[in-house]
Every structure is written in C-alpha cells, then in structure tokens.
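Architecture at a glance
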Amino acid sequence: LTHKGNVTTFFFLGFNKMAIYNLLLFNLVLIIYTVTICGNCLIIMLIYYSKTLHSPMYFFLSQLSISDIILITDIAPNICSLTFLSTHEICQLEFCGPNVIDYLFCDLYPLVELSCSDTSRIEMETTLLCFPVLILPFLGIVVSYIYIVLTILKISSFSGRLKSFSTCSSHLTVVFIFYGTLIAAYLIPKEGQSQTISKMMSLLYTVFTPFVNPFIYSLRNKEIKDNLKMLHKN
C-alpha cells in the first residue's frame, strides 16, 4: 500500500563530486575485489588440501577468509555499479521528501535520514545493538592481545619478542581500522562530519580490511608460504 506523495525511488550519489575519477575508482575497487577473492580462496584451498595446516588456528583463518569473501562480495560489486551513479529501490520506511542518498551503498543512517517517519526508535535500537555487536567483540580482542603481549614479554630472546610484536602490531592495526571505523560510523554523532569522510570510512571496513586480511593473517605465515611453494612445485 502506497500513499500519494510517498517517495519510492532513491539515487545513490557515490563520489559524485569526483565524477572525473569514476573510471579510476571502478578499476581500483575491481582490482582490490579480484585480489581479495583470489587471496582468500588460495588460503582456503591451502588449508583444505595441506594436512600440516589441519589445526584449530588455520580452521579459524579459513573462516575469516570466507567471511571476508562474503563481506566484500556484498559491497564491492555495488560500489562498481554505483560509479556509473544506477538506481535502487528501497521500501523499508515511509519516505515523502528527498530521494537522493549521498553515500556509497544502502547503509542504515543515510537511508534513515531521508525518512519522514519517526526514526528515534530505530536509531536507539541501532545504538544499543552496537554494544553487543561492536563494542564487546572489540574489547574481547583487546583483552586477548593484552594477554598475548604479556606472554610475549616472557620470551627470552630479543629476536623472538621482536618477531612476535611485529605480527601482533600488524594484526592490531587491521582490528583498529575495522572496529574503529565501524564505531565511528554508528556511534559518533554525524553533525558536522564531512560526507566524503564518511564514505572513505565506509570503504575502510567494507573493502580495505578484507583486502589486507589475507596478507596480514595468512600469506605472511611461514607454514602457509611453505605449502604454497609445495603446491606450486606440484
């Protein structure tokens, strides 16, 4: 059931103010997407076929790769299509005003801002959901790495501590980028925030982190490298 004057069509602007770079953005996202899919599929294949990698740690790394594939597949193709600025229909709320979404994909807040319905309940529920979905996992990861750091400090050799800290720092960098941008996107008030900054932040957690995860968590691993070399020889 629709009412006269209700808006049923939305236009995604994407990086409309930088239209001259649309082709560059399209190619960049496409390359990142391709590398992400290939890298994560390679990791999944290596863990599946190499018996030396059949351990809990590598099982969870394969699950991370699967999650990264699903995440970037949900976002990157839409970004590629939006660079040639396409139309999407959304019928979740009541809309009767502006129908232009100045964002990269159909995220919650850019859509809610256009609704003429009372959205206070939705915004409150979203904020409350951020705690079990974002804050608690982030705190759990931080606490885990605190214990890891305390364990590393007990390593007698300086080279061993340096190598372990190097690995942990790269892991934590990705964790902070992913959760930091998510928390900024869903918990920090948007008043006065540049729309371009919001779009760049959304790219960090939807496109960039799945892209770097295979390199940070798996492809730098010695056992993964050894099995990759064996696979290449075969």
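What counts, and where the lines are drawn
- Residues numbered from 1 in each chain as written.
- Predicted model: local features only at pLDDT ≥ 70, side-chain atom pairs only at ≥ 80, totals over all residues.
- Heavy atoms only, no water.
- UniProt positions renumbered as here; feature names shortened; annotations may be inferred.
- Helix = DSSP H or I, 4+ residues; strand = E, 2+ residues; numbered from the N terminus.
- Buried < 20%, exposed > 50% of the residue type's maximum accessible area, 1.4 Å probe, protein only.
- Areas by Shrake-Rupley, 256 points an atom, 1.4 Å probe, with all protein chains shown as cover.
- Core = buried A, V, L, I, M, F, W, Y, C linked by side-chain atoms within 4.5 Å.
- Contact = heavy atoms within 4.5 Å.
- Phe/Tyr/Trp six-rings, centres within 6.5 Å; stacked < 30°, edge-to-face > 60°.
- Expected span 1.5 Å × (residues − 1).
- Polar contact = N/O pair within 3.5 Å; in protein donor to acceptor, adjacent residues only side chain to side chain.
- Patch = residues over 30% accessible without salt bridge, like charges linked within 9 Å, V, L, I, M, F, W, Y side chains within 5 Å.
- Salt bridge = Lys/Arg side-chain N within 4 Å of Asp/Glu carboxyl O.
- Bend = angle between axes of the 7 residues up to and from the residue.
- Axes fitted to C-alpha atoms, helices over the stretch in contact; angles between N-to-C directions.
- Parallel < 35°, antiparallel > 145°, perpendicular 65-115°, else oblique.
- Left-handed = near helix turned anticlockwise from the far one by under 90°.
- Nonpolar A, V, L, I, M, F, W, Y, C, P; charged D, E, K, R; others polar.

The protein is annotated in an unreviewed UniProt entry as G-protein coupled receptors family 1 profile domain-containing protein of Aquarana catesbeiana. Checking UniProt for the protein, the heading Subcellular location (unreviewed entry) contains the comment "Cell membrane".

Here we take up the overall build of the protein. Counting its regular elements, the protein contains seven helices and three strands. Looking at the 234 residues of the protein, the share that counts as buried comes to 35%. Summing over all exposed atoms, the protein offers an accessible surface of approximately 14,200 Å²; the carbon and sulfur share of this is 68%.

Residues Ile47, Tyr186 and Val207 are the most contacted members of the largest nonpolar core, which totals 43 residues. Elements that contribute at least two residues to this core include exactly helix H1 (22-49), helix H2 (56-82), helix H3 (108-112), helix H4 (120-152), helix H5 (158-186) and helix H6 (195-218). Take this core: its biggest share by element is eight residues, from H2. Leaving out residues up to four positions away in the same chain, Val207 has contacts with Ile32, Ile72, Ile75 and Ile79.

Here the focus is the packing of aromatic side chains. If you walk through the whole model with that rule in mind, you get six aromatic pairs. Seen from their ring centres, Phe138 and Phe176 are 5.4 Å apart, and the 80° between their planes marks the pair as edge-to-face. Of this pair, Phe138 sits in helix H4 while Phe176 sits in helix H5, placing them 38 residues apart in sequence.

So, on to H5. When the terminal C-alpha atoms of H5 are compared, their 41 Å separation across 29 residues agrees well with the 42 Å that a helix rising 1.5 Å per residue should span. Of all the residues in H5, the buried ones are Cys168, Ser170, His171, Val174, Val175, Tyr179, Thr181, Leu182, Ile183, Ala184, Ala185 and Tyr186. Where H5 is buried, its residues meet H3, H4 and H6. Between the side-chain oxygen at the start of H5 and the backbone nitrogen of Gly160 there is a gap of 3.2 Å, and the oxygen is on Ser157.

As a further point, take a nonpolar patch on the surface. Taken together, the side chains of Val143, Ile146, Tyr147, Leu150, Leu153 and Phe165 make up a nonpolar region of the molecular surface, amounting to roughly 580 Å² of accessible area. Of the residues forming the nonpolar patch, the biggest block, four residues, is contributed by H4. The class for Tyr147 is exposed, based on a relative accessible area of 57%.

In a regular helix each residue adds 1.5 Å, so 24 residues correspond to 34 Å; H6 covers 34 Å between its end C-alpha atoms and thus fits that length. Along H6, the helix axis deviates most sharply at Phe208, where the bend reaches about 45°; the proline Pro210 sits within four residues downstream.

Attention shifts here to the packing of H5 against H6. Relative to each other, H5 and H6 sit at 165°, their axes nearing to 10 Å. Relative to H6, H5 is oriented roughly antiparallel. Relative to H6, H5 is oriented so that their crossing is left-handed. Across from Ser170, His171, Val174, Val175, Ile177, Phe178, Thr181, Leu182, Ala184, Ala185 and Tyr186 in H5, the residues of H6 making contact are Met201, Leu204, Tyr205, Phe208, Thr209, Val212, Asn213, Ile216 and Tyr217. Split into classes, the residues belonging to the contact of H5 with H6 amount to 15 nonpolar, five polar and no charged.

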